[in-house]
Amino acid sequence: MKIAIAELKQESNTFAPLTLMEDFINFHYYTGTEVIEKLGSAESEIAGFLEICSDNDFEVLPIMAAFAVSGGPLSSETFQKLTYELYQGIRDCGTVDGILLALHGAMITEEIADADGEILEKVREIVGPDIPMMVTMDLHANITKRKVNNANTISGFHTCPHTDLVETGRRAARMLALKLKGDLNPIMRFIKVPMVVPASNQIDFKPGPYAELINKTKSLIDLGAVDASAFTVQPWMDIPELGFGAIVVTNGDKLLANLLVSKLAQIMWESRVNLSAINLIEPETAVANGLSHDTGPVVLSDIADGTMAGSPGDSTAVLKVLLGMKISKTVLVSICDPKVAELAEKSGVGSKIKTLIGGIKGWNFYSPCEIEGEVLVSSEMKYRFTQKGYHGMEIKMGLCAVIAIGHIRLLVTSLAASTTDPAFYRAAGLNPEKAQIVIIKSHAQFQDSYSNIAKSIYFLNTPGMSSDRIAELPFTKIDRPTYPWDPGLVFGPPYQLVNGF
Ligand SMILES: [Zn+2]
């Protein structure tokens, strides 16, 4: 049996600047056998695909693996280039017996609101109706009719922070193996649930409404489902069909699939109010609280500038607050600004610089800020994720600098790198464990890696394009009514069921 495998992932935020080809190259972009060499033993869905294919003696035809850090919609040119590679790669495989695709599910382009749906439709056109295509997606995917209508199965992560990429890959590949042996007749059913909730509540490793939702989703397996996924959608896409998605797969049992997916849709809808409760703290209050702790680090998350949520990482909102306060203990903070990183390099270590920083990509959310400080470090930097999710994946930070402003250590990066792992600051020679306050830009993923060292965690009430105050962002294209924009919306059975391919 010949199985074509590929990955093409990016999570798009409508309000952020466009994502370009270089953003994929800066994260990862592999073709052919490189896909296996680079991702075969990494924390990835591809690793799960490969493991199950190997167990079943399938011949694997690796096409590509492209992944960019979350950002704005893809430029049309970038999307065309990447998808040409994918479609041509599949055509070049000749006849295949099955397809395994790892997509994000929340990718949009300048022109296409459902880029992953477009990909699935095109791949289906190429391989025809008889070739099983099993797909994995991030649980922040926006599931649409177009996606479901073209895939045999779609499986989403069961964790947030995401720590089950390999297992999700295995789930999809196991269903493909069973289908090819004639032991599975996958019946997939989908229901769109018209609701969106803040991202920082979407964590499952602590007890709470989100953990409950995930546990109830997984328990559908005990009731006879072969696979079940709660897609709780990342909220910053201004597109039609934005909302939660319930998906259940059964083995040949249409009635059971209808019943279980309806149950999941109902569980989702009933959780909307609890999942929407957010506790954001003004940065001045959070910094004062952080400084008053006996020991650090107190971790403050500037979620509205979350680089894993598409934001550019150049918000000055927190830095301005820090500069206006008396800071008596070490505070670590970061800003993405390639020009300032270059200036620091030119000025040299030990020199004093005075410059405007950040705020370039912030639209009207925030503006540049003036700083004056001493360059402590200047070099290219990168790190590898030490946390469970994405473990071992390399994160490039580009040319960086550390600037000392009193007790503030400002890490300036050239790329909007993920700040979710303490290894981010360690790459610059800074020690988050010994700092009093550590400022990061993440909703969920950091809550795994910082949980061992953070004395307290606060989510900041700051402006930005990945704010959790989603109803206040400038949405114009979403379907109405949708919760929370229409809090009085009534939603219930009979549900509109969408059938898988
Ligand atoms: Zn996600």
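Located above this text is the structure these notes cover.
Quick caveat, the model's predicted, so the values are computed rather than measured. Here, residues in each chain are numbered from 1, in the same order as that chain's written sequence. Local features in this predicted model are restricted to residues whose pLDDT is 70 or higher, and side-chain atom pairs enter the listing and the counts only when it is 80 or higher, whereas totals over whole chains, interfaces and linings include all residues. To obtain the side-chain values, all non-hydrogen atoms of the structure were used and water was disregarded.

Caption draft 1: Region of interest: the pairing of strand β7 (residues 186-193). Between buried and exposed lies partly exposed: a residue is buried under 20% and exposed over 50% of the maximum accessible area for its type, with that area taken using a 1.4 Å probe on protein chains only. Runs of H or I in DSSP of at least four residues are treated as helices and runs of E of at least two as strands, each being numbered from the N terminus. For β7, the tally of buried residues reaches seven of eight residues, placing the bulk of the element in the interior. Two strands are counted as paired when DSSP detects at least two bridges linking them. Across eight bridges, β7 lies against strand β9 (residues 244-251) in antiparallel orientation. Paired with V193 across the two strands is F244, which belongs to β9. Note: β7 against strand β19 (residues 498-499), two bridges, orientation antiparallel. Among the inter-strand pairings, R189 is bridged to a residue of β19, identified as N499.

Caption draft 2: Region of interest: the sheet that holds strand β5 (residues 133-137). Here we have six strands laid out as an open sheet, ordered β2-β3-β1-β4-β5-β6, and mixed in their pairing. Strands with a single pairing partner mark the edges of an open sheet, and in this sheet they are β2 (28-31) and β6 (153-156). Strand-to-strand twist across the sheet, computed as the mean angle between neighbouring axes with direction ignored, equals 15 degrees. With four bridges joining them, β2 and strand β3 (residues 59-67) adopt antiparallel strand pairing. Think of each axis as a best-fit line through the C-alpha atoms, taken over the contacting stretch in the case of a helix, with angles from 0 to 180 degrees between the N-to-C directions.

Caption draft 3: Representation of the packing of aromatic side chains in the model. For Phe, Tyr and Trp, where Trp contributes only its six-membered ring, two rings pair if their centres lie within 6.5 Å, and the inter-plane angle classes them as stacked under 30 degrees, edge-to-face over 60, or tilted in between. Under the criterion given, the structure shown has twelve aromatic pairs. When the centroid spacing of 6.3 Å and the interplanar angle of 80 degrees are considered together, the rings of W269 and Y483 count as edge-to-face. One end of the pair, W269, is in helix α9 (residues 254-270); the other, Y483, is in the loop between β18 (456-460) and β19, with 214 residues separating them in the sequence. Assigned by exposure class, W269 and Y483 land together as buried. Connected via pairs of aromatic rings, a cluster forms that spans F27, F67, Y383, F385, Y390, F424 and Y425. In this analysis the charged atom, NZ for Lys or CZ for Arg, is taken to sit over a ring once it is within 6 Å of the ring centre and within 35 degrees of the ring normal. The ring of W269 carries the charged tip of R272 above its face, separated from the ring centre by 4.0 Å. The ring of Y483 carries the charged tip of R272 above its face, separated from the ring centre by 5.6 Å.

Caption draft 4: Region of the structure containing the pattern of salt bridges. One side-chain nitrogen of Lys or Arg within 4 Å of one carboxyl oxygen of Asp or Glu is enough to make a salt bridge. All chains considered together, the criterion is met by 15 salt bridges. Note that E45 and K9 form a salt bridge whose closest N and O atoms lie 2.7 Å from each other. You can see E45 sitting in helix α3 (residues 45-55) and its partner K9 sitting in strand β1 (residues 2-9), a full 36 residues away along the chain. In terms of burial, E45 and K9 fall into one category: buried. One salt bridge connects E167 with R174, and the closest N-O pair in it is separated by 3.3 Å. Under the relative-accessibility criterion, E167 is labelled partly exposed at 28%. R174 sits in the partly exposed class, given a relative accessible area of 37%.

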